[in-house]
Amino acid sequence: MAETKLPGSAQYVIIGGGIVGCSVAYHVAKMGHTDIVLLEQGQLSCGTTWHAAGLVGQLRSTPAMTNLIRYSTHLYSELEAETGLATGWKECGSVTVARSDERMTMLLRTAAAARAQGVEVEVITPAEAADKWPVMQVDDLKGGLWMPGDGKANPTDLTQSLAKGARLRGARVIEGIQVTDILTRGDRITGVVTDKGCIEAEVVVNCAGQWARQIGKMCGANVPLHSAEHMYIVTEQIEGVNPDLPVLRDPDGYIYFKEETGGLVMGGFEPEAKPWGMKVIPDNFFFQLLPDDWDQFEILMENALVRVPQMGNTGVREFYNGPESFTPDNNYLLGETPEVKNFFVGAGFNSMGIASAGGAGKALAEWIVEGAPTMDLFAVDIRRFADFNNNPTWLHDRVKEVLGLHYAMPWPNRELDSARPFRRSALYDRLAAKNAVFGSKMGWERANYFATSPGNQTEYGFGRQNWHETVGEEHKAAREGVALFDQSSFAKLLVQGRDACDQLNRICAGNIDIEIGRTVYTGLLNKRGGYESDLTALRLKQDEYLLITGSAQAVRDADWLRNNVDPEAHVFLTDVTGAWSVLALMGPASRDVLAKVTQSDLSNEAFPFGTVRKIDLGYAAVLANRMTYVGELGWELIVPVEFTVGVYEDLMQAGQAHGIRDAGYYALEGLRIEKGFRAWSRELTPDITPLQAGLSFAVDFEKTCDFIGKDALLAAKSDPEHLNTRIVQMVLKDSSPQLWGGESVLCNGTVIGEVRSAAYGHTLGASTALVQLNAPQNVTAEYLSANDWEIDLAGVRHPATPYLRTPYDPRGERARFG
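Rules and cut-offs
Residues numbered from 1 in each chain as written. Predicted model: local features only at pLDDT ≥ 70, side-chain atom pairs only at ≥ 80, totals over all residues. Heavy atoms only, no water. Pairing = 2+ DSSP bridges. Helix = DSSP H or I, 4+ residues; strand = E, 2+ residues; numbered from the N terminus. Axes fitted to C-alpha atoms, helices over the stretch in contact; angles between N-to-C directions. Contact = heavy atoms within 4.5 Å. 1 Å grid on protein atoms, 1.4 Å probe; cavity = no way out; pocket = protein on both sides within 12 Å on 5 of 7 lines; lining within 4 Å. Points joined across faces, edges and corners; volume = space filled by probe spheres on them. Nonpolar A, V, L, I, M, F, W, Y, C, P; charged D, E, K, R; others polar. Phe/Tyr/Trp six-rings, centres within 6.5 Å; stacked < 30°, edge-to-face > 60°. Buried < 20%, exposed > 50% of the residue type's maximum accessible area, 1.4 Å probe, protein only. Parallel < 35°, antiparallel > 145°, perpendicular 65-115°, else oblique. Left-handed = near helix turned anticlockwise from the far one by under 90°. Core = buried A, V, L, I, M, F, W, Y, C linked by side-chain atoms within 4.5 Å.

Novice: What's the story with the sheet that holds strand 36 (residues 766–774) in this structure? I'm lost.
Specialist: Adjacent strands of a sheet form backbone hydrogen bonds with each other and so pair up, either parallel or antiparallel. The sheet built from six strands closes into a barrel, its strands ordered 33-36-35-34-37-38 with antiparallel pairing. Put simply, the sheet's adjacent strands are angled 40 degrees from each other on average, direction ignored. Examined bridge by bridge, strand 35 (residues 750–761) and strand 36 share eight bridges and lie antiparallel to one another. Bridge pairing in strand 36 links alanine 758 to alanine 769. On top of the sheet, helix 3 (residues 101–116) reaches strand 34 (744–747), strand 35 and strand 37 (789–793); it is set at about 130 degrees to strand 35, its chief contact.

Dropping the structure here:
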């Protein structure tokens, strides 16, 4: 019997009775917290869930995301036994096919990644694909993948089963009630207003699906998602289609298939989608569909007839055009919003809600109850976006491209093209005039490389791309001469106040209590000792620090700092990213170039490594930070935006005699990997400690105060198995192959790890990688040298040499990590 009585208060209020909201309620209750009220404005699953296709594919772009899907499959297989309600879960497996050589290469890379992540996979021939899916024609196929652990579920049944599981543990589910407002006091949640009264709440969880953005606006929280039309058809019965038929994906045709009552569900993700609900999503859009659009569906239908010719003689039983919500990067939104405390979001599932709901609900429940994520969730962390990402016009234009990303070729370094340019540095026009080819990060247009001729754009491929030689020249300039990088997208956080030093020292693993004018590299660690971020702290005054962190980390790092500063402390944090440019002058000749435009003493004695000084530079005054991300002599010049163009012109003119050249982020990536420098979200994650990352030197166990994560690190030091997981550098023995990241690493023929970052090391003369090894014993120099190492690149194993310390040692210059 459905509940109707509205309580006056609850510890947890969950908005939205789709599969995600019910999963969150189920998992919070399973953790022993039963004072839960779930509010659904219509009936359970009536929004998007009911018309979802119900496909569950395990493999995702990161091990953490894959593990969440694998948990979903485990949960769905056992839930019926727990609740007595069927879920429709069937582990039928999936077949993915390739029409082109490029797609087959991608599938071979996928197979290697699957093995690295522990997912069962088999590379199959077209004939073997036909054996598993006999109603398709395979004459045009190159091959495919078989993943036996994939499956499908009934979305509505699964939602009801999760809801019952939550009720059995004490949660209340109330249908037919609309949330009309969110109550806050200061920056903290206090409850919700409904059309049937108010409920006080300690925590509010926004799982409102398409309505999540509107719900967020009620309390000033940004939930950047936008609806788009997603279409599929259900055919009449087809001979040869049976209930055990696997899911079929044909990404070159943008289409998928699954069996349903003897017929086929056929849908897909067309390259250019139709956004919907531009102004507002109607409140009463329950169990409703949008009008059929055969013109939009035509590209999918044409490809389906190629794959399954029998469909040409088969009737269409139903046409489903159901809107679903999509995010700017095709990953869902999870976590506590930085704008409002105790207001959590689980939304924007990009047509992956059924597959993701079990694991996402568990992860969000743990975050809510424990007060912080219990695993690496950066790929879906809502704090990867800022307020400007919630602009409705920008979202509308971006979502047209996002839906098609599901089956678009995932080229290495692929950039999204829509809704750009977005954020531009002061040098954007000048760099564009010099043939810069731009990429985008956190909305910033950043020069990836500088082409040799106007109009030259990236030609994507899995081998060396068309910029390889050009980037090699930029790389060489930084190693042997001088190069200038526009790194203005670096996030910059100003921390001020009489308690700034004490508070930062408690939050940071390194010792922040340094002399004024000094710089320190440090990690921000969680209680488990894993990385929440890494950054550089510049002490400008007794009570003032400038923190320089990664482009994508501004919102997340600021939120982490605010959450961990003592509320009574005299500390103020301001995001000043847009006020300062960063020009990195790097290379052996950098001192000579800088000396031509400043009267400041740049000698080692006057300006040692790890020092920041205000210097004159031409007509400008800038902060010069002697720090390097490339492993060469250099300065990061922190320049007021209004002086950036003048500083750039002065440096380029002064550097002419030294062959100065502009360099982009592709060169920067190769330089940092060659030197073994770790990067946040690649090698450094919430599940990796400084001990495992090889960054123990950046942790000060002897400083006078404790710091977050210290106890965990001390325990790890005495854990004999802690260093079974380690970050290691590897260089291929063959100079030809191109690594990109995501490849599996083998020890004596057994998969033992994954490439986290890779680039061509132009100085070392081969592809270079930073890999995470998960070994059966401590990863030591002796262990590395005693075994044979290979990296699986699209099914071909390439011998590699491992290193605990980088094989590249620059000419005496200390680097960011040592």
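Novice: It is not clear to me how empty space enclosed by the protein should be interpreted in this structure. Could you clarify?
Specialist: Any empty space left between atoms is shown by rolling a water-sized probe over those atoms. Counted according to the given criterion, the structure contains four cavities of 30 Å³ or more. Put simply, the largest cavity is a space of about 80 Å³. Forming the boundary of the largest cavity are 15 residues, of which Leu431, Leu484, Phe485, Asp486 and Ala663 lie nearest the centre. At the level of elements, strand 21 (444–450), strand 22 (483–486), strand 32 (661–663) and helix 16 (665–674) are the ones that each hand at least two residues to the lining of the largest cavity. When residues in the lining of the largest cavity are grouped by element, the largest group, three residues, is from strand 22. Split by residue class, the lining of the largest cavity holds eleven nonpolar, two polar and two charged. Its volume calculated, the second largest cavity comes out at about 50 Å³. For the second largest cavity, the full set of lining residues is Asn222, Pro224, Pro338, Glu339, Ile382, Phe385, Ala386 and Asp387. Of the residues assigned to the lining of the second largest cavity, the class counts are five nonpolar, one polar and two charged.

Novice: What is the right way to look at the packing of aromatic side chains in this model?
Specialist: A ring pair, where both rings are aromatic, is described by two values, the distance of the centres and the angle of the planes. Throughout the structure, instances matching the rule amount to 26 aromatic pairs. For the pair tyrosine 256 and phenylalanine 269, a centre-to-centre distance of 5.9 Å together with 45 degrees between the ring planes defines the contact as tilted. Here phenylalanine 269 lies in the loop between strand 15 (263–268) and strand 16 (275–276) and tyrosine 256 lies in strand 14 (residues 255–260), a separation of 13 residues in the sequence. By relative accessible area, which is 1% here, tyrosine 256 ends up buried. Between tryptophan 294 and phenylalanine 319 the ring centres are 4.8 Å apart and the planes differ by 70 degrees, which places this aromatic pair in the edge-to-face class. Note that tryptophan 294 is positioned in helix 7 (residues 294–307) and phenylalanine 319 in strand 17 (residues 316–326), a separation of 25 residues in sequence. When its relative accessible area of 39% is taken as the criterion, tryptophan 294 is described as partly exposed.

Novice: In this structure, what is going on with the packing of helix 1 (residues 19–30) against helix 5 (residues 155–168)? I would like to understand it.
Specialist: In a pair of packed helices, the angle between the axes and the distance between the axes together describe the arrangement. Between helix 1 and helix 5, the shortest axis-to-axis distance is 8 Å and the interhelical angle comes to 25 degrees. When the interaxial angle is binned, helix 1 and helix 5 end up roughly parallel. Judged by the sense of rotation from one axis to the other, the crossing of helix 1 with helix 5 is left-handed. Every residue of helix 5 that contacts helix 1 at Ile19, Cys22, Ser23, Ala25, Tyr26 and Ala29 is listed here: Leu158, Thr159, Leu162, Ala163, Gly165 and Ala166.

Novice: Would you explain the nonpolar core in this entry?
Specialist: Taken as a class, soluble globular proteins show a tendency for nonpolar side chains to be buried jointly. Membership of the largest hydrophobic core comes to 51 residues, with the highest contact counts inside it found for Val24, Val205 and Leu377. Contributing elements (two or more residues each) for this core: strand 1 (9–15), helix 1, strand 2 (36–40), helix 2 (63–83), helix 5, strand 11 (197–206) and helix 8 (353–370). If you tally residues by element for this core, the top one is helix 8, at nine residues. Setting aside anything within four residues of it in sequence, one finds leucine 377 in contact with Met65, Leu68, Leu334, Ala363 and Trp367. Leu225, Val340, Phe343 and Phe385 belong to the second largest nonpolar core, which has 34 residues in total.

Any link to function would need more than the numbers given here.
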